[in-house]
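Here are the chains, one letter per residue:
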Amino acid sequence: MRAGYENFLPDACWINCYEPGARLSLHQDKNERDESAPIVSVSLGLPAVFLFGGLSRTIRPKRYQLVHGDVVVWGGPARFNFHGIAPLLEGYHPILGRKRINLTFRKAL
Ligand code: MD6
Ligand code: FE
């Protein structure tokens, strides 16, 4: 799976763990030095609603349901779009129980 980024070689992985009720407010990922590299996000465990907006916080985000194993890639003109996670609903995943784990692979240096 290359998603159009043949040379993407991440050097960092953020790991976030969510429990029901947890959310991630709309934000831009701006800590990486290489702006040409995408963000590659892997979702595991409980489902979540991924909010994906535009370059301004005022653009109403679209909502995408993510389930265990989904991978989202954003880069190019969408690299700095605001995004977040809606409050997680209560649930139980057969492998991870009451948790969602998200891995984001990045080129940070
Ligand atoms: C997600 N995560 O959990 C999206 N951003 O699906 C993020 O947008 C994120 O997990 C910055 C730092 C850590 C993250
Ligand atoms: Fe982010």
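Each chain has its residues counted from 1, following the order in which its sequence is written. The naming scheme follows written order: chains are lettered A onward, ligands numbered 1 onward. Whole-chain, interface and lining totals are the exception, using all residues; otherwise, since this is a predicted model, local features are given only for residues with pLDDT of at least 70 and side-chain atom pairs are given and counted only at 80 or more. Hydrogens and waters are ignored; side-chain quantities use all the structure's heavy atoms.

## A few points about the state of the cysteines
Pairs of cysteine sulfur atoms within 2.5 Å are identified as disulfides in what follows. Counted under the stated rule, the structure contains zero disulfides. Lacking any disulfide linkage, Cys17 is separated from the closest cysteine sulfur, that of Cys13, by 13 Å. The classification of residues rests on relative accessible area computed with a 1.4 Å probe and restricted to protein chains. Under 20% of the type maximum is buried, over 50% is exposed, and intermediate values are partly exposed. Residue Cys17 is classed as partly exposed on the basis of its relative accessible area of 48%.

## Concerning the environment of Arg100
Starting at the N terminus, helices and strands are each numbered in turn, a helix being any DSSP run of H or I of at least four residues and a strand any DSSP run of E of at least two. Residue position: Arg100 is located in strand β8 (residues 100-106). Spatially, the C-alpha atom of Arg100 lies 7.9 Å from that of Ala48, the residues being 52 residues apart in sequence. Contacts: residue pairs with any heavy atoms within 4.5 Å of one another. For Arg100, the contacting residues outside a window of four places in its chain are Asn16, Cys17, Tyr18, Ser43, Leu44, Leu46, Ala48, Leu66, Ile85 and Leu88. Polar contacts here mean pairs of N or O atoms no more than 3.5 Å apart (in protein, one a potential hydrogen donor and the other a potential acceptor; neighbouring residues in sequence count only if both atoms are side-chain atoms). Polar side-chain contacts of Arg100 include one of 2.7 Å to the side chain of Ser43.

## What about the coordination of the iron ion (ligand 2)?
Metal coordination angles have textbook ideals: 109.5 degrees for a tetrahedral set of four donors and 90 or 180 degrees for an octahedral set of six. Coordination partners: N, O, S within 2.8 Å of the metal, 3.2 Å for Na, K and Ca; water not considered, so apparent gaps in a site are possible. Protein coordination of the iron ion (ligand 2) is provided by His27 (NE2), Asp29 (OD), Asp29 (OD) and His83 (NE2), with donor distances spanning 2.1 to 2.7 Å. Classification of the site at the iron ion (ligand 2) as irregular follows from its six donor atoms and the range of 51 to 176° in their angles at the metal. Donor residues binding the iron ion (ligand 2) come from one chain and are separated in sequence as H-x1-D-x53-H. Taken together, the positions of His27 in strand β2 (residues 24-27) and His83 in strand β7 (residues 83-85) put the pair 56 residues apart, joining distant regions of the chain. You can call His83 buried: its relative accessible area is 3%. A site with four donors is called tetrahedral when every donor-metal-donor angle falls between 85 and 135 degrees; four donors are called square planar, and six octahedral, when opposite donors sit more than 155 degrees apart and all other angles fall between 65 and 115; any other arrangement is irregular.

## Quick word on the sheet that holds strand β6 (residues 71-74)
A pair of strands is treated as paired once DSSP finds two or more bridges between them. Read across the open sheet, the four strands follow the order β1-β8-β3-β6; overall the sheet is antiparallel. Among the strands making up the open sheet, the edge pair consists of β1 (12-18) and β6. Taken over all neighbouring pairs, the strand axes of this sheet differ in orientation by 20° on average, direction set aside. In this sheet, β8 lies alongside β1 in antiparallel orientation, the contact comprising seven bridges. Bridge pairing links Ile15 to Leu103 in β8. Every angle, taken between N-to-C directions, lies between 0 and 180 degrees, and every axis is a line fitted to C-alpha atoms, over only the stretch in contact when it is a helix.

Read these as geometric descriptors, not functional statements.
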